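# Observations on chain architecture
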Amino acid sequence: MEIIAGVDIGNATTEVAIAKKDEMKIEFMGSSLYKTTGLKGTEENIEGIKKAILLLLEKLNLKLENLDLIRINEATPVIGDVSMETITETIITESTMIGHNPDTPGGCGIGLGITIDIDDLQNLLENDEENYIVIANGNKNFLEIAKILNFSRNRGIKVMGAILQKDDGVLVNNRLLVKIPIVDEVQLIEKIPLGVKCCIEVASKGRVIEKISNPYGIATVFNLNSEETKKVVPLSKALIGNRSGVVIKTPQGDVKEKIIPAGNLYIKTNKSLESVGIQEGAEKIMKKISFLDVEDIFGEDGTNVGGMLKNVKNTMHKFTGENIDDIKIKDLLAVDTFVPQKIKGGLAGEFMCENAVGLAVMVGTEKNQMNHLANMIKNELGVNVEVGGVEADMAIKGALTTPGTGKPLAIIDIGAGSTDACSIDKYGRRSHIHLAGAGNMVTLLIQKELGIEDFNLAEDIKKYPLAKVESFFNIRYEDGTVEFFNEPLSTDIFAKNVLVKNGELVPIDIKISLEKIRQIRRESKRKVFVTNSKRALRKISLTKDIRDFEFVIIVGGSALDFEVPEMITESLSKYGIVAGCGNIRGVEGPRNAVATGLVLGDEEC
Amino acid sequence: MLKIGIDIVCSNSINIIEIEEIFFGIEEEGVPYILKILKKEKIEKELYTDNRFEIGIGISSDGEIVLNKKKYLKEYILKENIKSSQKKLRTFGQNAARILKGLSLKK
């Protein structure tokens, strides 16, 4: 009887299964998992492999000497790299706006007039004909401002609105004899030009501005012709959903939405070289790729996408030592998304969601890397190491240990870097595919769309359910269920959106509603996981039809996600496919399929 | 007290000018408040949380400013001192109002 360890080196985790094996039977003893160290398929993996094996041996009261064989996956080393290309940007030149949304603006309604510094009000003659919008910087407190405005009003000066630097909008308004709309908390107030036409709008509580978030509203206010109205469309779009906003129009004013040439993608096939522009959007890119037999993909020199694809190849070259010309990008997943970008020319750091394309690419290299790695592990651990079969084949072998499964079968293995699929028919014939785009791509989409800097927070948003802290003693989960606490919750999370991470409440410090975060999270998963599951099944089907498959098992780390299996199951059910999460060996859940398959080795499945 | 809003119960040894930024903070958030001055050194929790919303601010003669709710069993939810900067006192007032409104707190 020999003891065998199956080791599956994944992009994110290294999984191990250990079993006693003789000619008659295989008895699995246990499994473990450790973070993959270094890039999958490289020497740096050894540390993670060692940790994962030793961890399990210790649990089983065994020593390295007791191991007869380690079998590693013949994983085609892949890098799934992800990137984001912004393809539009809003630039405001001369004409300016404050798409500002302070918590407590003052007053309500619309005010239209010429901008004037509050100190200049005293220089105006009594009963001046003009309408004015007053600008007050942070040097003045609200009492002074209110006093000056009231005094001016009494002198017959028509002050129609005010823009304040400090958070004093309500305080000023409460002390005015005649109420006007006031926008406060404007940091860059000194940048507001004086003597130009300006429109302020503050909506009443619970409502959003309507006039200046509508291009025709702006046209009415500023008396614009149709050509000029076209130019303010991006500006009005940027103000949608705000409770308050300011638009300032200068005579030379111009606002434009610019399409950035994000570069071309070139797809090499054995017959031709096709190209598609990133700015044409994900749908066109994917349509093009799905009809081609891709040999390599590269990007236009001197563009972001060109740099990104070159970088991926360079990284692979550095780790494998393989000639850079031999490293090919075999697959690419493009996803349309929106990324909040700072508006150039805005006054209060306004952001606007611009069009972008998210890209995940996958690079393949040659098999001999794994033999090299096997030798390194053998030298390091002093145990015989062999390279097992193709990863996807091993995964299907492992997946077949799920109770209730049988041939024919298809599996979808969704990891962090790639989505793999494999099918086996009733005669044991197999077909498999590696596709770009998996868990990491989803995290990137969440991170970019929510505009958060911390990748780990985006990763947590992907993994854990959301809740709203409703009081010091209860939270409401995104599905409406409520949890109560005996001890009061911290003021740091009071009334915030939080993640419920293994019992810990982690605040999400962004001004986006829980519903919107949830929507972005689910949409990102749908765009990557569901799209790739269908793409993968279509690719491994002999007839290129998803309906060929009756049963599909979802395995891999991403199958542990709390909503992904249900999403995929639902989308595949439309094709008459029964899909569900694997339960490897009846105990492991969707993980450990490849490691289990490696231990089973040549066993007939 | 039957009027709605946040109760502020203050020791009579405190000069009101020193704490007015708290009132302005509450006002900026659009929340009503009721100020009561008592001839007491220490302002106990019961004195300022026995109102319709069961939330209030107590200001003792030593300058300690505390926000609490009747059913919040810890010593205080927010704490500040009369010697703090105007900005901190304003934020304290805003946060007191924001707790009543159920909004996340300002820093």
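Bear in mind that the values here come from a model prediction, so they are computed numbers and not experimental data.

What follows is about the sheet that holds strand E3 (residues 26–35) of chain A. All names here are of chain A. Sheet architecture is open: 5 strands sit in the order E3-E2-E1-E4-E20, paired in mixed fashion. Of all strands in the sheet, those with a lone pairing partner are E3 and strand E20 (385–387), marking the two edges. Between one strand axis and the next, the sheet turns through 20 degrees on average, direction left out of account. Alignment of strand E1 (residues 2–9) against strand E2 (residues 13–21), held across 8 bridges, turns out to be antiparallel. Bridge pairing links Gly6 to Ala17 in E2. Packed on one face of the sheet, helix H1 (residues 45–59) meets E1, E2, E3 and strand E4 (69–72) and runs near 135 degrees to E3.

Turning next to the domain arrangement of chain A. Often, the extent of an interface is quoted as the loss of accessible area upon association of its parts. Domain boundaries in chain A define domain 1 (1–75 + 367–388), domain 2 (80–87 + 259–364), domain 3 (94–253), domain 4 (399–438 + 521–605) and domain 5 (440–520). Placing a centre on the C-alpha atoms of domain 2 of chain A and another on those of domain 3 of chain A gives a separation of 43 Å.

Turning our eyes to something else, we now look at the packing of helix H11 (residues 439–450) of chain A against helix H13 (residues 514–540) of chain A. All names here are of chain A. One way to put it is that H11 packs onto H13 with a least axis distance of 9 Å and a crossing angle of 145 degrees. Judged by the sense of rotation from one axis to the other, the crossing of H11 with H13 is right-handed. Residues Gly439, Met441, Val442, Leu445, Ile446, Glu449 and Leu450 of H11 lie in contact with H13, whose contacting residues are Ile517, Ile520, Arg521, Ser524, Lys525, Lys527, Val528 and Phe529. Here the contact of H11 with H13 is composed, by residue class, of 9 nonpolar, 2 polar and 4 charged.

Moving on to the sheet that holds strand E29 (residues 551–555) of chain A. Residue and element names in this part refer to chain A. With mixed pairing, 5 strands are arranged side by side in an open sheet as E23-E22-E21-E29-E30. Both edges of this open sheet fall to strand E23 (430–436) and strand E30 (578–581), since each of them pairs with a single strand only. Each neighbouring strand pair of the sheet contributes to a mean axis angle of 15 degrees, computed without reference to strand direction. Both strand E21 (residues 409–414) and E29 contribute to a ladder of 4 bridges, which runs parallel. When the sheet's bridge partners are listed, Ala410 is paired in E29 with Val552. Sheet strands touched by helix H10 (residues 391–399): E21, strand E22 (418–424), E23 and E29. Its angle to E22, the strand with the most contacts, is close to 65 degrees.

Turning next to the interface of chain A and chain B. With 21 residues of chain A in contact, the opposing surface of chain B contributes 19 residues. Across the chain A to chain B interface the summed buried area is about 1,700 Å²; carbon plus sulfur atoms make up 55%. Our count for the chain A to chain B interface comes out at 6 salt bridges. Where A:Asp103 meets B:Lys106, a salt bridge forms, and the shortest distance between an N and an O atom there is 3.8 Å.

On to the environment of A:Arg430. Residues and elements named next belong to chain A. Mapped onto the fold, Arg430 is located in strand E23. The partly exposed category is assigned to Arg430, whose relative accessible area is 33%. Each C-alpha atom of the pair Arg430 and Ser571 lies 24 Å from the other, and the pair is 141 residues apart in sequence.

Thresholds, definitions, all that
- Residues numbered from 1 in each chain as written.
- Chains lettered and ligands numbered in written order.
- Predicted model: local features only at pLDDT ≥ 70, side-chain atom pairs only at ≥ 80, totals over all residues.
- Heavy atoms only, no water.
- Pairing = 2+ DSSP bridges.
- Helix = DSSP H or I, 4+ residues; strand = E, 2+ residues; numbered from the N terminus.
- Axes fitted to C-alpha atoms, helices over the stretch in contact; angles between N-to-C directions.
- Contact = heavy atoms within 4.5 Å.
- Domains from an automatic or database assignment.
- Left-handed = near helix turned anticlockwise from the far one by under 90°.
- Nonpolar A, V, L, I, M, F, W, Y, C, P; charged D, E, K, R; others polar.
- Buried area = accessible area lost by both parts, 1.4 Å probe.
- Salt bridge = Lys/Arg side-chain N within 4 Å of Asp/Glu carboxyl O.
- Buried < 20%, exposed > 50% of the residue type's maximum accessible area, 1.4 Å probe, protein only.

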